[in-house]
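Understanding the architecture of this molecule
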Amino acid sequence: MRDTDDIRFGMVGHGHITGQFLAAMEVVEGAHVGAVAGRDSGRASAFAQAQGIPASYGSVGEMLDKEQLDAMYICTPHPSHEEAALAGIDAGVAVLVEKPIAPNLAGATRIVKAAQAAGVFAMEAMWTRFLPIYGLVRRWIDEGRIGDVRLVTASFGFSVPVMPEHRLFNPSLAGGSLLDVGVYPLTIAHWLYGSHPVEYGALARVGETGVDEIVSIAASYSGGGLAQLGCATVSDLESSAVIAGTAGSIEIPVFWAADRAILRAGGEEVIETMPHRANGFEYEIDEVVDCVRRGRTESDRMPLALSLEMAGLCDEIRGRLGVVYPFEEGSD
């Protein structure tokens with residue numbers, strides 16, 4: 001692909017999160033959204049007209065047949081990520097798949113194996129890992145500004161009414177707090193310690209619909225670091241992450257969308273802000289555009305191995321909590 005060519009995205013799904021993606025796309029150079037596909041052609045058409053997207057389709061297959069796409073952003077309910085991703089990969093189109101990349105390790109593995117076999121780019125849309133403020137936080141840690149890291153606390157929780165058919169509470173849609181927002185605190189702990197926990201315990205409130213509504217996790221890591229992590233869909237939780245060391249601490253307010261960090265050490269407080277160009281989604285889009293232009297099949301910053309590791313960990317945690325989705329029952 002020539003450097004002057006725009007990377008043309010297709011969108012699969014047109015729910016709430018697509019507004020953030022489209023707003024971020026406005027500040028990304030060399031890329032644009034050319035089409036959208038949904039389960040209902042009428043709704044997809046209305047969305048496309050409202051957002052100024054040139055084309056709309058009632059299925060992923062139709063969009064892939066009729067459009068020349070370089071990449072697809074997949075933001076449908078969790079259980080349908082796999083089908084859309086595999087269709088894109090089979091068509092030779094790079095895929096950016098909203099987190100979780102699939103509801104379980106089996107589905108994530110099928111996506112990863114297909115992408116690797118076809119030599120097609122694939123990445124989970126864990127946008128937090130691309131936020132610039134984390135580069136500064138890492139530098140503070142590497143410089144020893146807070147000493148040896150001993151503990152990270154992070155949680156992401158909000159409160160909404162329990163609606164059995166809503167995707168957050170419907171087990172057929174892989175509902176629950178763990179996959180929707182729990183992956184954020186799990187990911188920051190992995191980013192900090194660079195590994196799977198060597199030991200952890202998990203407790204949860206499992207609601208009447210059979211999904212985890214609030215989860216608390218305590219974990220230890222190979223270097224001796226600890227983590228206290230939480231997630232919820234029925235309770236507002238503290239939104240800051242705090243990294244505590246032997247000589248100080250770093251607070252990251254609203255850590256999953258962070259543009260600010262606070263260093264407290266030696267009796268002093270340093271506050272640094274790195275405003276987003278748009279809303280923070282632009283950095284993961286930048287990564288996809290760069291990788292596609294360079295002919296890369298995965299991102300070094302969000303490798304497929306990490307997606308598999310997170311999917312496996314979430315499977316383990318759900319297993320301990322007794323949360324099983326209907327489409328998993330009876331599977332090997």
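These notes cover the structure that comes with them. The model shown is predicted, which means the values in this text are computed figures rather than measured ones. (Residues numbered from 1 in each chain as written. Predicted model: local features only at pLDDT ≥ 70, side-chain atom pairs only at ≥ 80, totals over all residues. Heavy atoms only, no water.)

Describing the overall build of the protein
- If you tally the helices and strands in the protein, you get nine helices and 14 strands.
- Expected size for 332 residues packed as a compact globule is a radius of gyration near 20 Å; at 20 Å, the protein falls within 12% of this value.
- For the protein, the spread of C-alpha atoms along the principal axes amounts to about 60 × 50 × 35 Å.
- Residue pairs at least 24 apart in sequence account for 66% of intrachain contacts in the protein once pairs closer than 6 positions are excluded. (Helix = DSSP H or I, 4+ residues; strand = E, 2+ residues; numbered from the N terminus. Rg over C-alpha atoms; globule rule 2.2 N^0.38 Å. Contact = heavy atoms within 4.5 Å.)

Observations regarding the side chain of Asn170
- In this structure, Asn170 sits in the loop between strand 7 (149–157) and helix 7 (177–193).
- Residue classification places Asn170 among the buried residues on the basis of a relative accessible area of 11%.
- Ignoring sequence-local partners within four residues, the contact set of Asn170 consists of Pro164, Glu165, Gly175 and Val211. (Buried < 20%, exposed > 50% of the residue type's maximum accessible area, 1.4 Å probe, protein only.)

Considering helix 9 (residues 304–321)
- Under the 1.5 Å per step criterion, the end-to-end length of helix 9 is 26 Å for 18 residues, consistent within 8% with the ideal 26 Å.
- Of the positions making up helix 9, those classed as buried are Leu304, Leu306, Ser307, Met310, Ala311, Gly312, Leu313, Cys314, Ile317, Arg318 and Leu321.
- Within two residues after helix 9, Gly322 carries a phi angle of roughly 80°, on the positive side. (Expected span 1.5 Å × (residues − 1).)

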